[in-house]
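Architecture at a glance
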Amino acid sequence: MANIYFDHNATTALDNSVLEAMLPWMTNQAGNPTSRHVFGRSARDAVEHARAQVAEACGAYTSQVVFTSCGTEANNFAVKGIGAIKTAAIARQILTSAIEHPCVTRPAIAMQQHGYVSQKIMVDANGKVDLDKFKLQLNTPTGLVSVMLANNETGVIQELSAIAEAARSAGAFMHTDAVQALGKIDLNFADLNVNAMTISSHKIHGPQGAAALVVDKKLDIQPLLHGGGQEKGLRSGTENVAAIVGFGAACELAISNRANFAAHTTALRSQLEQGLQELNVSIFGKQVARIPNTSFFAIDNIEGETLVMALDRKGYAVASGSACSSDSTEPSHVLLAMGVPADVARGAVRVSFGAHNTAAQVASFLATLNNEILRLKQLTAIAA
Ligand code: PLP
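Read on for a plain summary of the structure. (Residues numbered from 1 in each chain as written. Predicted model: local features only at pLDDT ≥ 70, side-chain atom pairs only at ≥ 80, totals over all residues. Heavy atoms only, no water.)

A few points about the site of the ligand
To be explicit about the condition: Any residue with a heavy atom positioned within 4 Å of a molecule or strand is treated as near that molecule or strand. For the purposes of these results, a polar contact is taken to be a pair of N or O atoms within 3.5 Å, where, inside protein, one atom must be able to donate a hydrogen and its partner to accept one; residues adjacent in sequence count only when each atom of the pair is a side-chain atom. Per the convention used, a helix needs a DSSP run of H or I reaching at least four residues, while a strand needs a run of E reaching at least two, with both numbered from the N terminus. Ten residue types, Ala, Val, Leu, Ile, Met, Phe, Trp, Tyr, Cys and Pro, are classed as nonpolar, four, Asp, Glu, Lys and Arg, as charged, and the remainder, Gly among them, as polar.
As a structural note, the neighbourhood of the ligand is formed by 15 residues, with Gly 71, Thr 72, Asp 177, Ser 200 and Lys 203 the closest of them. Taking Ser 200, its side chain carries an N or O atom lying 2.7 Å from an oxygen atom of the ligand. Among the elements that make up the shell around the ligand, the one with the highest residue count is helix α3 (residues 71–86) (3 residues). Across the shell around the ligand, the residue classes break down as 5 nonpolar, 8 polar and 2 charged.

The following block contains the structure:
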């Protein structure tokens, strides 16, 4: 039985062409981009080429791209680095949406040790920021607002330029985590009107170990890492040349495939959700715009974790709750923020498609899901 991967929001397999681009930088061409000799100079050229590819993929200037080791680092860099400059005297409030990935909320909470106040921005039942309530929160002097562009669990897309407009008019800096948006929807840093934006390589068939914070040139952000002064002093540490080259190649690939990816995964998701409707499931965020590949649903009276394990035994890799904390048994904080009752949220399962998934896989998944639901319900009835 071949395993079928439906968990592309967690990570994606390295594309062969990306691996090919990376290989020289892990073997005979390896060099430190700060070295003056030919190996160093060609490694520097490779990093700068990748920077241009990354910038192109997200509508930014090359001078705005700061490479980091992962999206988690870029989000920490944004929250701590922007917080440090802006919130100094009066604007000590940091606002993050209630549905952020923990690598945004936890650094915001950590900033409280330094006298900042971290508050949550509420979302409505569809998982979208409640703009009116948010604007009221901005009456308190605010240094930084961070709201993700697309949610990793529901796939719901925020109206980010309106949020950014409100934040910036109130004098706050605006950051967005666009990790789940890159390659799935059109992404343009300038149009979003934000000061900083996070993207990550391994969600788009690039390698783990590379990501970027795209930073407005006027922003006097403070580095997390001090040392040799790489990345114009904003992120010291020898560049991970192979991973950065892979990130660049993956960006180019993602952009050329984006329209096909959207059409293909939208069709798979419609097929899935049509089938789910017959199984009496709740689908979260279905009423609003979502990234095309993601469906998040819950089945009455069945634990998501149990279903994920049962489906895994049958050869289907899906997720329950947040991708990066799927060992947690707490119900999804995203669903709780949307007002979903905890017992329903505990049943949540996420399917996230990729370009290589097929309609036949979705059909067989639906049949297996149906069988597993019946089996688990029978077991529950016997136990009761
Ligand atoms: N932000 C979002 C929305 C994510 O989904 C993830 C990972 O799942 C991250 C940030 C963290 O990115 P990385 O795995 O590159 O640290």
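There's plenty left to go through after this.
Thoughts on the pairing of strand β7 (residues 196–200)
Going by this rule: Throughout, exposure labels follow a simple rule: accessible area from a 1.4 Å probe, protein chains only, divided by the maximum for the residue type, with under 20% read as buried, over 50% as exposed, and the rest as partly exposed. Think of it this way: DSSP has to see at least two bridges between two strands before they count as a pair.
Where burial is concerned, most of β7 is hidden: 5 out of the 5 residues are buried. Two elements, strand β6 (residues 173–177) and β7, share 3 bridges in a ladder whose sense is parallel. When the sheet's bridge partners are listed, Thr 176 is paired in β7 with Met 197. Here 5 bridges tie β7 to strand β8 (residues 211–215), and the two strands are oriented antiparallel to one another.

A look at helix α2 (residues 38–57)
Defined as follows: Under the convention used throughout, the expected extent of a helix is 1.5 Å for every residue step, that is, one less than its residue count. Note on contacts: a residue pair qualifies if any of its non-hydrogen atoms lie within 4.5 Å across the two residues.
Counted at 1.5 Å a residue, the expected span for α2 with its 20 residues is 28 Å, and the 29 Å between its end C-alpha atoms agrees. All of the buried residues along α2 are Gly 40, Ala 43, Ala 46, Val 47, Ala 50, Arg 51, Gln 53, Val 54, Ala 55 and Ala 57. Of the surrounding secondary structure, the elements contacted by the buried residues of α2 are α1 (16–26), β2 (65–68), β7 and α8 (241–278). One or two positions beyond α2, positive phi appears at Gly 59, with a value near 60 degrees.

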